[in-house]
Amino acid sequence: MKVLVTGVNGQLGYDVVRHLDLRGIENRGVDIADFDLTDEEAVLSYIKEYAPTSIVHCAAYTAVDKAESDRDTCWAVNVTGTKNVALAAKAVGAEMMYISTDYVFDGFSKDTPWEADDPKNPQNVYGETKYGGELEVQKLLSDYYILRICWVFGKNGGNFVKTMLRLSETYDEISVVSDQYGSPTYTFDVASLICDMVGSRKYGVYQASNEGDLSWYDFTKEIFKQAGKQTKVVAVTSEEYAKAHPTAAARPKNSRLSKQTLIDGGFARLPDYKDAIARYLKEL
């Protein structure tokens, strides 16, 4: 095996490379300084030179609100960029893993976990482009894994946990949405799953997050409890929060992801979210 990981400077790419190293699997992590995803020739040239057997495509445009006014750039990275990587994978005979998101679903039309094959109906530009990337991979390749994750937090980069801990240093009270539900995904844990998947040839669409469903409010309460923070957490509705803190992009009420295809594929589910938070705080 020889694995190329895009987006190595991001939260997930960083941990995928870390796990590949721990397992002694030959790999190379790349980012924007190595090649421009939107340049088809540059992508093809680099990937042909390295000649990986597997590509884990973590790189993405993830600024959800900014994407609403910067659609062209978001599309270029998440759709055209993914297409370019898929074309290069096909050219060198490599399998490809594409990291996607719960935002491909509408986020409100059901209150049970989204099944992998549920209808796609993204409600913002970010979700639209990530689904566009899925379609490119499925159209161009047969040897692919699509892995949807949500509420991501890791050591390398910004995330909700770091933001809440930072706010707790300044404020005695924080208002957090209590009617949006999902499951956190610790990048260290999902990166291990990715390494289990790569090379397995169990191709298809998968979904993963740490076990346990909760709201952003509950998530914050657990973070502060484990971190020993005394900051008061106030539950507010999405509508109340939007009035005080308007955001450009629509946010899903339901980000729960069914793990059925993961179970069917014989892959281990991720640890409980409380355990993940505990290990993450130690890592920080």
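Anyway, here's the lowdown on the structure attached to this text. What you see is a predicted model, and the numbers here were worked out from it, not measured in a lab. (Residues numbered from 1 in each chain as written. Predicted model: local features only at pLDDT ≥ 70, side-chain atom pairs only at ≥ 80, totals over all residues. Heavy atoms only, no water.)

**Topic: helix α3 (residues 71-92)**
End to end, α3 covers 31 Å across 22 residues, agreeing with the expected 32 Å (1.5 Å per residue, within 8%). Where α3 bends most, at G81, the angle is about 30°. Taken residue by residue, α3 has C74, V77, N78, V79, G81, T82, N84, V85, A86, A88 and A89 as its buried positions. Positive backbone phi, at 70°, marks G93, one or two positions downstream of α3. (Helix = DSSP H or I, 4+ residues; strand = E, 2+ residues; numbered from the N terminus. Expected span 1.5 Å × (residues − 1). Bend = angle between axes of the 7 residues up to and from the residue. Buried < 20%, exposed > 50% of the residue type's maximum accessible area, 1.4 Å probe, protein only.)

**Some thoughts on the side chain of T82**
With respect to the helices, strands and loops of the structure, T82 is situated in helix α3. A relative accessible area of 1% places T82 in the buried class. Excluding its chain neighbours within four sequence positions, the residues that come into contact with T82 are H57, V77, M96, Y98, G133 and V137. (Contact = heavy atoms within 4.5 Å.)

**What to know about the pairing of strand β2 (residues 26-30)**
Sheet topology note: the strand β1 (residues 2-6)/β2 ladder contains 5 bridges and is parallel. Bridge pairing in β2 links V5 to G29. Handedness of the β-α-β unit built from β1, helix α1 (residues 11-22) and β2 comes out right-handed. (Pairing = 2+ DSSP bridges. Right-handed = clockwise from strand over helix to strand, strands pointing away.)

**Points about the sheet that holds strand β5 (residues 144-149)**
For sheets, the rule is that strands pair by backbone hydrogen bonds, running either parallel or antiparallel. The 6 strands are arranged β2-β1-β3-β4-β5-β10 in an open sheet whose pairing can be described as parallel. Strands with a single pairing partner mark the edges of an open sheet, and in this sheet they are β2 and β10 (204-207). Strand-to-strand twist across the sheet, computed as the mean angle between neighbouring axes with direction ignored, equals 20°. The pairing of strand β3 (residues 54-57) with strand β4 (residues 95-101) spans 4 bridges and is classified as parallel. Looking at the pairing, S54 lines up with E95 of β4. The strands touched by α3 are β3 and β4; relative to β4, the strand with the most contacts, the crossing angle is about 165°. Packing of helix α4 (residues 125-140) onto the sheet brings it into contact with β4, β5 and β10, and relative to β4 it is tilted by some 160°. (Axes fitted to C-alpha atoms, helices over the stretch in contact; angles between N-to-C directions.)

**Here's the deal with the side chain of N27**
Looking at the element boundaries, N27 is found in strand β2. Exposure remark for N27: the relative accessible area of 18% places this residue in the buried category. A distance of 2.8 Å separates polar atoms of two side chains, one belonging to N27 and the other to D21. The contacts of N27, once residues within four sequence positions are left out, are V3, V17, L20, D21 and Y50. (Polar contact = N/O pair within 3.5 Å; in protein donor to acceptor, adjacent residues only side chain to side chain.)

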